[in-house]
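# Chains, contacts and geometry: an overview
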Amino acid sequence: MLTELSKSGQRSVYLRSVDLNSTGTYRCEVSAEAPSFQSVEAERDMKVMVLPTEGPKIMGGQTQYNVGDMVAVNCTSAKSKPAATLRWFINDNAVGPEYETEYSTTLHEDGLESSSLSLRFVAKDKHFVNQNMRLRCTASISRIYTMSNEEMFVGGRQQSSPLQITENGSKEKPLKSPPNPKRKQPKQLQSSSDGSVFSFCHWLLVLSVLMLHLRIT
């Protein structure tokens, strides 16, 4: 850390190349000249902050949710000093204490920190607006930094359909087994006699009997 005198004055001090080690208590003292040599001093704490270079990341979500599904997502902030404060929103409504959340902070080797906030709940009708559910996570540090990330999930109430989906995506009606056809009784052949044929056979029989009778006599 260096003091740049050209930009400093009686009421301010300009510090250059500060880092995390520059955090601490700074005191200013003003002394009067002889003969009183009275002095007045004041001190203030200075904190060096490192802001995140990107917004928070949402991980663990599915592409689609239906009513009754378990939603389990996690939001992680980028490295900073101090760690960012995270908050969850569902369709622009802040998540209340009735939702299951878990907060944790990770300290990295370079002295920076990152925070994580998980969210777990069962999807209900109230979580969907026009068949969509929007989850937003915001990361903030004091009043000087705020960034957010948002994910949209498609879903709603799962409905069963009587249609069957084929592999090529076309819709077909379910096949119905055809009704058992009634078995038709075979028609009985009706014998019919021709009058002329019957007469010919009758006279042929009579003629045969007469010839047999003549031979016997």
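Bear in mind the structure is a predicted one, so any value in this text is a computation, not a measurement.

## Re the confidence of the model for the chain
- Across the chain, the average pLDDT comes to 77, with 71% of residues at 70 or higher.
- Scored below 50 in pLDDT, residues 158-178 makes 12 contacts in the model with residues more than four places away or belonging to other chains.
- Contacts from residues 183-198, a stretch scored under 50 in pLDDT, to residues over four places away or in other chains number 0 contacts.

## Remarks on the layout of surface pockets
- Put simply, the largest pocket is a space of about 200 Å³.
- Considering the residues around the largest pocket, the lining is formed by Gly9, Gln10, Arg11, Ser12, Val13, Tyr26, Arg27, Cys28, Ala42, Glu43 and Arg44.
- For the lining of the largest pocket, the secondary-structure elements that each account for two or more residues are strand E3 (24-31) and strand E4 (39-46).
- Grouping the constituent residues of the lining of the largest pocket by class yields 4 nonpolar, 3 polar and 4 charged.

## Here we look at the pattern of salt bridges
- This model, assessed by the stated rule, comprises 8 salt bridges.
- Among the salt bridges present, the one from Glu41 reaches Arg27, with a minimum N-O distance of 3.6 Å. A residue pair is termed long-range when its members are at least 10 positions apart, and Glu41 in strand E4 and Arg27 in strand E3 qualify at 14 residues. Per residue, the accessibility class of Glu41 equals that of Arg27, and both read exposed.
- Its salt-bridge partner being Lys81, residue Glu113 comes within 3.4 Å of it at the nearest N-O pair. Taken together, the residues Glu113 in strand E11 (residues 113-122) and Lys81 in the loop between strand E7 (70-76) and strand E8 (85-90) connect sequence positions 32 residues apart.
- Each of Asp92, Arg134, Arg136 and Glu150 takes part in a single network of salt bridges with overlapping partners.

## Regarding a nonpolar patch on the surface
- The grouping of Met1, Val18 and Tyr26 at the surface amounts to a nonpolar patch, some 260 Å² of accessible area in total.
- Turning to its location among the elements, Val18 is positioned in the loop between strand E2 (15-16) and E3.
- Residue Val18 is classed as partly exposed on the basis of its relative accessible area of 40%.

Here is what the cut-offs are and how they apply
- Residues numbered from 1 in each chain as written.
- Predicted model: local features only at pLDDT ≥ 70, side-chain atom pairs only at ≥ 80, totals over all residues.
- Heavy atoms only, no water.
- pLDDT = per-residue confidence, 0-100.
- Contact = heavy atoms within 4.5 Å.
- 1 Å grid on protein atoms, 1.4 Å probe; cavity = no way out; pocket = protein on both sides within 12 Å on 5 of 7 lines; lining within 4 Å.
- Points joined across faces, edges and corners; volume = space filled by probe spheres on them.
- Helix = DSSP H or I, 4+ residues; strand = E, 2+ residues; numbered from the N terminus.
- Nonpolar A, V, L, I, M, F, W, Y, C, P; charged D, E, K, R; others polar.
- Salt bridge = Lys/Arg side-chain N within 4 Å of Asp/Glu carboxyl O.
- Buried < 20%, exposed > 50% of the residue type's maximum accessible area, 1.4 Å probe, protein only.
- Patch = residues over 30% accessible without salt bridge, like charges linked within 9 Å, V, L, I, M, F, W, Y side chains within 5 Å.
- Areas by Shrake-Rupley, 256 points an atom, 1.4 Å probe, with all protein chains shown as cover.

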